[in-house]
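This is what each chain is made of:
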Amino acid sequence: IVIPTDEDLEPARIGIDAARDGPDMGTIYCYWACKVWRHAKISGQDTNQYAGAVQELVEKLKTQGVKKIRIRIDNGGGYGGGVRDRLVEDLKDIVEDVEIALVQFVWKAYDEHHFGDRITELYADAAETLKGIRVEDPPVELETDLCDREYRWINRAGKELKILEPKDAFRLRNKRSSDDGDGFVLAVAPDRMV
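Figured I'd write up the structure that's included with this text. Keep in mind the model is a prediction, meaning the values are calculated, not measured.

Turning our attention to the sheet that holds strand β5 (residues 97–103). Spatially, the six strands line up as an open sheet ordered β5-β4-β1-β2-β3-β6, and their pairing is mixed. Only two strands of the sheet have a single neighbouring strand rather than two, namely β5 and β6 (134–135). Where helix α6 (residues 179–188) meets the sheet, it contacts β1 (12–17), β2 (25–32), β3 (35–43), β4 (68–74), β5 and β6, and its direction lies at approximately 30° from that of β2.

Across its 12 residues, helix α3 (residues 118–129) extends 16 Å between first and last C-alpha, which sits within 8% of the 16 Å expected from 1.5 Å per residue. The element α3 is extensively covered by neighbouring structure, given that nine of its 12 residues are classed as buried. For α3, the complete set of buried residues consists of Arg 118, Ile 119, Thr 120, Glu 121, Leu 122, Tyr 123, Asp 125, Ala 126 and Thr 129. In this fold, the buried residues of α3 make contact with β2, α4 (140–147), β8 (159–164) and α6.

On to the side chain of Asp 117, then. Among the structural elements, Asp 117 can be located in the loop between β5 and α3. Of the side chains bearing the opposite charge, Arg 156 lies closest to the buried Asp 117, which forms no salt bridge; the N-O distance is 6.7 Å. In terms of polar contacts, Asp 117 uses its side chain to reach the side chain of Thr 120, at 2.5 Å. Beyond its immediate sequence surroundings of up to four residues, Asp 117 is in contact with Phe 105, Val 106, Trp 107, Lys 108, Ala 109 and Ile 163.

The subject of this paragraph is the nonpolar core. The biggest cluster of nonpolar side chains holds 29 residues, and the ones touching the most others in it are Ile 14, Ile 16, Ile 28, Leu 61, Ile 69, Ile 71 and Leu 87. When residues of this core are traced back to their parent elements, those giving at least two are β1, β2, β3, α1 (47–63), β4 and α2 (80–91). The element best represented in this core is α1, accounting for seven residues. Among all residues touching Ile 16, those that are not within four sequence positions of it are Thr 27, Ile 28, Tyr 50, Val 54, Ile 71, Arg 72, Ile 73, Asp 74, Val 83, Leu 87 and Leu 186.

Turning our eyes to something else, we now look at the side chain of Thr 27. Topologically, Thr 27 is positioned in strand β2. There is a polar contact of 2.8 Å between the side chain of Thr 27 and the backbone oxygen of Asp 179. Among all residues touching Thr 27, those that are not within four sequence positions of it are Gly 15, Ile 16, Asp 17, Arg 38, Ala 40, Lys 41, Asp 179, Asp 180 and Gly 183.

Okay, the pairing of β3 next. Pairing of β2 with β3, which is carried by eight bridges, proceeds in the antiparallel orientation. By the bridge assignment for β3, Met 25 is matched with Ser 43. The turn linking β2 back onto β3 is made up of two residues, and Ala 33 within it adopts a positive phi angle of 55°. Sheet topology note: the β3/β6 ladder contains two bridges and is parallel. Looking across to β6, one finds that Val 36 is bridged to Val 135.

Parameters and conventions
Here the residue index of a chain counts from 1 through its sequence in written order. The predicted origin of the model limits local features to residues at a pLDDT of at least 70 and limits the giving and counting of side-chain atom pairs to 80 or more, whereas totals for whole chains, interfaces and linings rest on all residues. Values shown for side chains rest on all heavy atoms present in the structure; no hydrogens or waters enter the calculation. Whether two strands pair comes down to DSSP finding at least two bridges between them. Secondary structure elements follow DSSP: runs of H or I no shorter than four residues count as helices, runs of E no shorter than two count as strands, and numbering proceeds from the N terminus. Here a residue-residue contact requires only that any non-hydrogen atoms of the pair lie within 4.5 Å. The convention used is that axes are lines fitted to C-alpha atoms, helices contributing only their stretch in contact, and that angles between N-to-C directions extend from 0 to 180 degrees. The length a helix should cover is 1.5 Å for every residue beyond the first. Relative accessibility under 20% of the residue-type maximum defines a buried residue, over 50% an exposed one, and the middle range a partly exposed one, all with a 1.4 Å probe and only protein chains included. Positive charges are assigned to Lys and Arg, negative charges to Asp and Glu, while His and the chain termini are left out of the count. Only one rule defines a salt bridge in this text: a Lys or Arg side-chain nitrogen within 4 Å of an Asp or Glu carboxyl oxygen. Throughout this description, a polar contact denotes any pair of N or O atoms lying within 3.5 Å of each other; where both atoms belong to protein, one of them has to be capable of donating a hydrogen while the other can accept it, and for residues adjacent in sequence the pair is counted only when both atoms sit in side chains. Each nonpolar core is a collection of buried residues, namely Ala, Val, Leu, Ile, Met, Phe, Trp, Tyr and Cys, held together in the definition by side-chain atoms within 4.5 Å.

Below, the structure written as structure tokens:
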């Protein structure tokens, strides 16, 4: 059992893997008080569905005493900007301390000596975070997304760097996208990485 300390209670972090069209599913994960859970899974909906689900989550967190919210949105498909715009408007009267970041998984890693891109670094960091938190009611897909996403090595300027396989390769093997894993790693990522 993981018992949160006072420093584990602020801020609450929300990760959104936004999907709009096609077979991908959108996911919303929350990390607060040393536990993480999937709040919503959204299929083929517009930005209003994401914003509504996040607003509901933020209102619930506020009733539990949360005063700081950090939201991270995958913007790789270009849908995150619309979700962000709605949340800026919808959350301003609910909680005062909200930060919303758009994240591109293809951005360079902070630790460029070991990782080839940001998503690889986020997954590696999440593996360490899992050692000290509790996952509540984990969906079956989450384990596959976190454990079965393969990596390869690339040579960048003479350095061997680890990089996760492209989402298309994961999708081909698993017949779906890594939506749960992506939402999860956005939720548990430290602020410095987003």
